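Structure at a glance
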Amino acid sequence: MKFKSIQDNIDFQKRSLKKLNKTITLFYLNSVCNGNKITELLITPFYEFESFVLYKNYLKTLNDWEIVSEESDMIEKILNGNIIINLDEINYSITISEFSASSVGVSTEENVLQGPKDGLNEKIDVSLNLIRNRYRKSTLKVENYIVGNLSKTKVLVLYDENLIDSNVYNHLIEKVKSINIDVMQSCGQLQKLLMNNKWSLFPLFLTTERPDRVVFNLSTGKIILLVEGTPWALIGPATFSDFFKSMDDTVELTVVSKFFLSIRYIALMITVFLPAIYVAVISYSPEVLQVQFALLVAGSRMSVPFPSYIEILFLMLMAEFLIEASLRLPKSISSTATTVGGLILGQTASQAGLVADIMIIVVSLVAISLFSIPINAMHQAIRIVRYPIILFASLFGMIGVIVGTLAILCHLCNLRSLGKPYLTLFNKN
């Protein structure tokens, strides 16, 4: 038995035990089997029993034992956490599966209403165990690479050999092998090293801490990278639309999932373009507003001593400070401190006449819309890209908004993730 479809995986084990000129061979995946149980239930008794007949009879007393003859059946058993024992040309299947529930934490950054709550682990073997238990196919390949001249960090590359694009695979492996760095500690660091465009604002790999998202992307032919010491995985090639998909979309009704996906894209438009459009309209084209609304805006800005772009930049920077504070403060006080700080800043600035009331509404809507994006890696890009558009709007009005939008689109169209176009808004997956 060669088990060609799974023998190249780093977690596939073949162990031979010899006694009295007879040999038995064990086949299993150490990522989904309990090594202590294998030693206790199978290896130690093998050397303790005086005859092979007694050992055979002992195997038949274990739970879920059976005799398997077809190699395809044996591979399926191995993928499900069984161990195959070849003894006198007979193949026994014994269940020794292990699910690392005690080591599994809860996904804290990617929240879903339905679906599993577990997350990947800093221990790379536990993460592989979680993925193996969800993706039980012999075509799942696992390769091991060492990155970091000093840290010697283990990086696992996972993919389905029947679904993967060979050009994408070769492109990635070439990049991984060419990495020359002393210390590798995180997925974010690995992503920077794999990107061609070091100055791109947008992440070219999807980062996730959810095993179900990893498995979903494996089933669509993408490559997964696990880094030892971090509970995050890199997924590539990524498209722009991937960052707006929640794992809830796979379990919700089609109409419901499409509706919420549309809501996220609307939120994206609001958080990117609303501040710039506000500046452009107030500063250059107030005539496009209805009379009543124009008078309302003008009345609220009567006491404001700054032009609209200074006003909105001031409030947006305050919002940025609050976001950063919420990330850096201890969890026990971060929500209270930022909520109280936001209320005090907004109310006091409005009462002092430094900002208009309507401006507070605009900035609040922009801040809320930002967090409608499911993947955190996209937040930073969206937070930054708003400011150049505001600058263009303050200089050229609506023409500047259009020019800034075209510049961003050109940049997105020029991006490639592992050689694949980045700006694919909609696809079958």
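Focus on the overall build of the protein
In terms of regular secondary structure, the protein is built from 14 helices and 12 strands. In summary, the protein has a C-alpha radius of gyration of 28 Å against a globular reference of 22 Å for 429 residues, an excess of more than 25%. Seen along its three principal axes, the alpha-carbon backbone of the protein occupies a region of about 100 × 50 × 45 Å. For the protein, buried positions account for 48% of its 429 residues.

Some thoughts on the nonpolar core
Judged by nonpolar contacts, the single largest core of 88 residues is most densely connected at L158, F202 and M378. For this core, the element with the most residues is helix α8 (residues 254–283), which contributes 10 residues. If we skip the residues at most four places from it in the chain, M378 touches F202, P203, F240, F243, F244, I373 and Y422. Counting 20 residues, the second largest nonpolar core, distinct from the first, contains L26, F52, Y55 and I96.

Focus: the sheet that holds strand β8 (residues 206–208)
Ordered in space as β6-β7-β9-β10-β8, the five strands form an open sheet in which the pairing is antiparallel. Edge strands, defined here as strands with exactly one partner in the open sheet, are β6 (140–147) and β8. The mean inter-strand angle of the sheet, taken between neighbouring strand axes irrespective of direction, is 25°. The pairing of strand β7 (residues 153–160) with strand β9 (residues 223–227) spans four bridges and is antiparallel. The partner of V155 across the bridge, within β9, is V227.

A short note on the confidence of the model for the protein
Taken over all residues, the pLDDT of the protein has a mean of 84, while the share at 70 or more is 94%. When mean pLDDT is compared element by element in the protein, β9 scores highest at 94, while helix α11 (residues 331–351) scores lowest at 70.

As for unusual backbone geometry
The general pattern is negative phi for most residues beyond glycine and trans for most peptide bonds. Cis rather than trans, the peptide bond between G236 and P237 has omega equal to -5°. If you trace the backbone, P237 turns up in the loop between β10 (233–236) and α8. Non-glycine residue D88 carries a positive phi angle of around 55°. Relative to the helices and strands, D88 is located in the loop between β4 (82–87) and β5 (90–95).

Some points on the packing of aromatic side chains
Two numbers describe a pair of aromatic rings. These are the distance of the centres and the angle of the planes. Applying the stated rule across the entire model yields 15 aromatic pairs. Clustering of aromatic rings is evident, with ring pairs tying together F46, Y47, F49, F52, Y55 and Y58. Seen from the ring of F52, K19 lies directly overhead, with NZ or CZ sitting 5.8 Å from the centre. We note K22 situated over the ring of F52; from NZ or CZ to the ring centre the distance is 5.1 Å.

Thoughts on helix α7 (residues 211–218)
With seven of its eight residues buried, α7 lies for the most part within the structure. Here α7 has its buried residues at P211, D212, R213, V214, V215, N217 and L218.

Notes on the pattern of salt bridges
Following the criterion strictly, the structure yields 15 salt bridges and no others. The partner of D165 in a salt bridge is K420, with the nearest N and O atoms 3.0 Å apart. Of the two residues, D165 is situated in the loop between β7 and α5 (166–178) and K420 in strand β12 (residues 420–421); the sequence distance between them amounts to 255 residues. Residue classification places D165 among the partly exposed positions, given a relative accessible area of 27%.

A closer look at the environment of L156
For L156, the position within the fold is in strand β7. Sequence spacing of L156 and T95 is 61 residues, and the spatial spacing of their C-alpha atoms is 26 Å. Apart from the residues within four sequence positions on either side, L156 is in contact with I10, I124, L128, V142, E143, N144, I224, L225 and L226.

Thoughts on the pairing of β5
One ladder, built from two bridges, connects strand β3 (residues 66–67) with β5; its direction is antiparallel. Counted as the bridge partner of E66 is S93 from β5. The sheet contact formed by β4 and β5 spans six bridges and is antiparallel. The residue of β5 that forms the bridge with I83 is I94. In this antiparallel pair of consecutive strands, β4 and β5, the connection spans two residues, and D88 shows a positive phi of 55°.

Definitions and limits used
Per chain, residue numbering runs from 1 following the sequence as it is written. Only residues with pLDDT of at least 70 are given local features in this predicted model, and only at 80 or more are side-chain atom pairs given and counted; all residues enter the totals for whole chains, interfaces and linings. Only heavy atoms go into the side-chain values, all of them from the structure, while hydrogens and water stay out. Each helix is a run of DSSP H or I of at least 4 residues and each strand a run of E of at least 2, with the numbering of both proceeding from the N terminus. In this description the radius of gyration comes from C-alpha coordinates, and the expected globular size is given by 2.2 Å times residues to the power 0.38. Categorising residues by exposure relies on relative accessible area from a 1.4 Å probe, with only protein chains included: less than 20% of the type maximum marks a residue as buried, more than 50% marks it as exposed, and the intermediate range marks it as partly exposed. Remark: nonpolar core denotes a set of buried residues (Ala, Val, Leu, Ile, Met, Phe, Trp, Tyr, Cys) joined through side-chain atoms within 4.5 Å. The contact definition used throughout considers only heavy atoms, calling two residues in contact when any of these lie within 4.5 Å. Being paired, for any two strands, means DSSP has found at least two bridges between them. For every element, the axis is a line fit to its C-alpha atoms; helices are fit only across the contacting stretch, and the angle between N-to-C directions ranges from 0 to 180 degrees. A residue's pLDDT is the confidence the predictor assigns to it, expressed on a 0 to 100 scale. The rule is short: rings of Phe, Tyr and Trp, with Trp giving its six-membered ring, pair when the centres are within 6.5 Å, and they are stacked under 30 degrees, edge-to-face over 60, tilted in between. We count a charge as sitting over a ring when the NZ of a lysine or the CZ of an arginine lies within 6 Å of the ring centre and within 35 degrees of the ring normal. Definition used for salt bridges: Asp or Glu carboxyl oxygen within 4 Å of a side-chain nitrogen of Lys or Arg.

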